[in-house]
Amino acid sequence: SLLEGHASFVMNEVGREHLADVDRLRRTLAKRRQASKVERSFQKAIGFEQKLKQYDAGERFVREVVALAGQEGFNLVWTRPDRLPTLPEISDPAAWVARVVE
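These numbers were taken from a predicted model, which means no experiment stands behind them.

Calculation rules
Residues numbered from 1 in each chain as written. Predicted model: local features only at pLDDT ≥ 70, side-chain atom pairs only at ≥ 80, totals over all residues. Heavy atoms only, no water. Helix = DSSP H or I, 4+ residues; strand = E, 2+ residues; numbered from the N terminus. Buried < 20%, exposed > 50% of the residue type's maximum accessible area, 1.4 Å probe, protein only. Areas by Shrake-Rupley, 256 points an atom, 1.4 Å probe, with all protein chains shown as cover. Contact = heavy atoms within 4.5 Å. Phe/Tyr/Trp six-rings, centres within 6.5 Å; stacked < 30°, edge-to-face > 60°. Arc of directions from axis to C-beta.

Draft legend 1. Inspection of the overall build of the chain at higher detail. The helix and strand tally for the chain stands at 7 helices and 0 strands. When the helices and strands of the chain are placed in sequence order, the string is α-α-α-α-α-α-α. Going through the 102 residues of the chain one by one, you find that 27% of them count as buried. Carbon and sulfur atoms make up 55% of the accessible area of the chain, which totals about 7100 Å².

Draft legend 2. How the structure looks around the environment of Leu-68. Secondary-structure assignment places Leu-68 in helix 5 (residues 48-75). Overall, Leu-68 belongs to the exposed group, its relative accessible area being 53%. Sequence-wise, Leu-68 and Val-101 are 33 residues apart; in three dimensions their C-alpha atoms are separated by 9.7 Å. Apart from residues no more than four positions distant in its own chain, Leu-68 is found in contact with Ala-94 and Val-97.

Draft legend 3. Layout of the packing of aromatic side chains. Summed over the entire model, instances satisfying the criterion amount to 2 aromatic pairs. For the pair Phe-61 and Trp-96, a centre-to-centre distance of 5.7 Å together with 75 degrees between the ring planes defines the contact as edge-to-face. Placement of Phe-61 in helix 5 and of Trp-96 in helix 7 (residues 93-101) is noted, with a sequence separation of 35 residues between them. By relative accessible area, Phe-61 is classed as buried at 0%. Assessed through its relative accessible area of 0%, Trp-96 is described here as buried. Between the aromatic rings of Phe-74 and Trp-78, the centroid separation amounts to 5.8 Å while the plane-to-plane angle is 85 degrees, which identifies the pairing as edge-to-face. Taking the relative accessible area as the measure of exposure, Phe-74 reaches 0% and is therefore buried. Given the relative accessible area of 37%, Trp-78 is considered partly exposed.

Draft legend 4. A look at the environment of Arg-99. Summarising the element assignment, Arg-99 is placed in helix 7. Along the primary structure Arg-99 and Pro-85 are separated by 14 residues, whereas in three dimensions their C-alpha atoms are 9.5 Å apart. Apart from the residues within four sequence positions on either side, Arg-99 is in contact with Asp-82, Arg-83, Leu-84, Pro-85, Thr-86 and Glu-89.

Draft legend 5. Summary view of helix 7. For helix 7, every residue scored as buried is listed here: Pro-93, Trp-96, Val-97 and Val-100. Projected onto a plane normal to the axis of helix 7, the buried residues spread over an arc of 100 degrees and lie on a single side.

Here is the structure:
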């Protein structure tokens, strides 16, 4: 969740500075996530739907931590293994900030 969420966050935020049409790229990727009923059933069977939820949860975590602690606060996540978020902290970024940043 963290790695995929971070990649998505970087694509969405940094991409704005370097890609002329990042919004079109985001719309295209979002459209690819939409699927017919049969495709959704197949995706669910192979766990793809769960993977997308992990990406979204990871991006929400990164976005909220950056909003609460800034980019420098978020970057603490990469400095030591014990600073990686726990699974409950992925859903509660403020708890991670309280544990690691403050």
